[in-house]
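Descriptive analysis of the structure
Spelled out from the first residue to the last, the chains are:
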Amino acid sequence: MIVAAKQNLFESPTVFHIGPVPMTETVVVTWGIIAIFTVVALYVRSRLSATRPGGLQTLVEGLVTWLDGEIDNIIGDRPQRYFPLIATLFLFVLTLNLVSNIPFIESPTGDPATTVALAIIVFLSVPFYGIASRGVAGYFATYLRPTPFMLPLNIISEVSRTLSLAVRLFGNVMSGGLIVGVLISIVPLVVPLFMMFLGLITSVVQAYIFPVLAMVYIGGAVRLEKKRAMKHAEETG
């Protein structure tokens, strides 16, 4: 990871302007990655084969199988219901983290605006799936458990875990880049290369942790409904 020095660690440098609107490096890199994802997805779709799958299709199918298993194990509900969100989070965060290993390019996840935006998506997905599973009254009733006096604490918990998602991802990516940048300037090449390798591992781990935590939060919102359904199935079966 090589992170260029800048005056404000929390501000992405501006690359160009569209009228009065500044296009920061975070925006440019993020939209570039989205464009690449779109092209790759269209290419894979055009090359799908039921009889002779290519290497890329095999890789994608393996990823789908793995994520389906993770969703089923953690959320304990229909994987296909949550797959689009979880797969997008995993691939998007992984790519944003790994792009920092390209010289002179900063990872968008080293910008708090990106990590906050991703955390807000997770924050909104929890009531979305919770309401879809339990209904409006059933979901919001969970904030009153085990006693109505827990309502303020339950609300604080929802907000704080969203903040922790953003801070965790931002902190790990930013700190790794800063450490490598400092080491490159004061020590031989071997140590920065070792740190870059550790940074690569950290990027993958953080890309895994982020959707896993999203699954844990969503699972907590829908798990009661699943237990009721299982109980009903046992009683009727």
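Residues numbered from 1 in each chain as written. Predicted model: local features only at pLDDT ≥ 70, side-chain atom pairs only at ≥ 80, totals over all residues. Heavy atoms only, no water.

1. Details of a nonpolar patch on the surface
The test is simple: Put simply, a patch holds well-exposed residues, over 30% relative accessible area, that have no salt bridge, with like charges counted together within 9 Å and Val, Leu, Ile, Met, Phe, Trp or Tyr side chains within 5 Å. Shrake-Rupley sampling with a 1.4 Å probe provides the accessible areas, and residues are treated as covered by the protein chains on show and by no other component. In what follows, salt bridge is the name for a side-chain nitrogen of Lys or Arg lying within 4 Å of a carboxyl oxygen of Asp or Glu. Comment: elements are numbered from the N terminus, with helices defined as DSSP H or I runs of at least four residues and strands as E runs of at least two. Only protein chains enter the calculation, and the probe is 1.4 Å; a residue is then buried if its accessible area is under 20% of its type maximum, exposed if over 50%, and partly exposed in between.
Among the surface-exposed residues, Val 116, Ile 120, Phe 123, Leu 124, Leu 144, Leu 151, Ile 155 and Val 159 lie close enough to one another that they form a single nonpolar patch of about 630 Å² accessible area. Those elements that place two or more of their residues in the nonpolar patch are helix H4 (112–134) and helix H6 (151–186). Considering each element in turn, the nonpolar patch owes the most residues, 4 residues, to H4. Judged by its relative accessible area of 42%, Ile 155 is partly exposed.

2. Considerations on the environment of Asp 68
In plain terms, the rule: We call two residues in contact whenever any of their non-hydrogen atoms come within 4.5 Å of each other.
Of note, Asp 68 is situated in helix H2 (residues 55–74). Classification of Asp 68 by relative accessible area gives partly exposed; the value is 28%. In this structure the C-alpha to C-alpha distance between Asp 68 and Pro 79, which are 11 residues apart in sequence, comes to 5.4 Å. Contacts of Asp 68, omitting those with residues within four sequence positions, involve Pro 79 and Phe 83.

3. Some details on the pairing of strand E2 (residues 21–24)
For the record, the criterion: Criterion used throughout: strands pair if DSSP finds at least two bridges between them.
As paired elements, strand E1 (residues 14–18) and E2 share 4 bridges and run antiparallel to each other. When the sheet's bridge partners are listed, Ile 18 is paired in E2 with Val 21.

4. Quick notes on the packing of aromatic side chains
Where two aromatic rings form a pair, the distance of their centres and the angle of their planes describe that pair. Counted only if it meets this: The rule is short: rings of Phe, Tyr and Trp, with Trp giving its six-membered ring, pair when the centres are within 6.5 Å, and they are stacked under 30 degrees, edge-to-face over 60, tilted in between. Over a ring means this: the NZ of a Lys or the CZ of an Arg is within 6 Å of the ring centre and within 35 degrees of the ring normal.
Using the criterion set out here, one finds 7 aromatic pairs in the structure. Ring geometry for Phe 140 and Tyr 143: centres 6.1 Å apart, planes at 25°, overall stacked. Under the relative-accessibility criterion, Phe 140 is labelled partly exposed at 44%. On the accessibility criterion, Tyr 143 (13% relative accessible area) is buried. Each residue in the set Trp 66, Phe 90 and Tyr 208 is aromatic and connected to the rest through ring pairs, giving one cluster. Across the ring face of Tyr 217, the terminal group of Arg 161 is positioned such that the distance to the ring centre comes to 4.2 Å.

5. Concerning the environment of Ser 203
In this structure, Ser 203 sits in helix H7 (residues 190–236). Sequence separation between Ser 203 and Ser 100 is 103 residues, and the spatial gap between their C-alpha atoms is 9.1 Å.

6. Brief notes about the side chain of Thr 109
For clarity, the cut-off: Counting of polar contacts relies on pairs of N or O atoms within 3.5 Å, with two restrictions inside protein: one atom must be capable of donating a hydrogen and the other of accepting it, and residues adjacent in sequence are counted only when both atoms are side-chain atoms.
Mapped onto the elements, Thr 109 comes out in the loop between helix H3 (79–98) and H4. A polar side-chain atom of Thr 109 sits 2.7 Å from a polar atom in the side chain of Asn 97. Side chain to side chain, Thr 109 and Ser 107 meet in a polar contact 2.5 Å long. Those residues in contact with Thr 109, other than ones at most four positions away along the chain, are Leu 96, Asn 97, Thr 114, Thr 115, Leu 169, Phe 170 and Val 173.

7. Focus: H3
Here is the rule we go by: To estimate the expected span of a helix, subtract one from its residue number and multiply by 1.5 Å. To obtain the bend at a residue, axes are fitted to the seven residues ending there and to the seven starting there, and the angle between these axes is taken.
The end-to-end C-alpha separation of H3 is 26 Å, in line with the 28 Å expected for 20 residues at 1.5 Å each. Of all the bends in H3, the largest measures some 30° and sits at Leu 85.

8. Comments concerning the nonpolar core
Operational definition: Joining through side-chain atoms within 4.5 Å is the link that ties buried Ala, Val, Leu, Ile, Met, Phe, Trp, Tyr and Cys residues into a set, and such a set is a nonpolar core.
Of all hydrophobic cores here, the largest spans 38 residues; its most connected members are Tyr 82 and Phe 210. Within the residue set of this core, elements represented by two or more residues are helix H1 (25–46), H2, H3, H4, H6 and H7. Excluding its chain neighbours within four sequence positions, the residues that come into contact with Tyr 82 are Ile 71, Ile 75, Asp 77, Tyr 129, Ser 133, Ile 218 and Val 222.

9. A word on the pattern of salt bridges
The final tally for this structure, using the stated rule, is 1 salt bridge. A salt bridge links Glu 158 to Arg 161; its shortest N-O distance comes to 3.1 Å. Note that Glu 158 and Arg 161 are positioned in helix H6 at a spacing of 3 residues, about one turn of the helix. Assessed through its relative accessible area of 14%, Glu 158 is described here as buried.

By themselves, these figures tell us nothing about what the structure is for.
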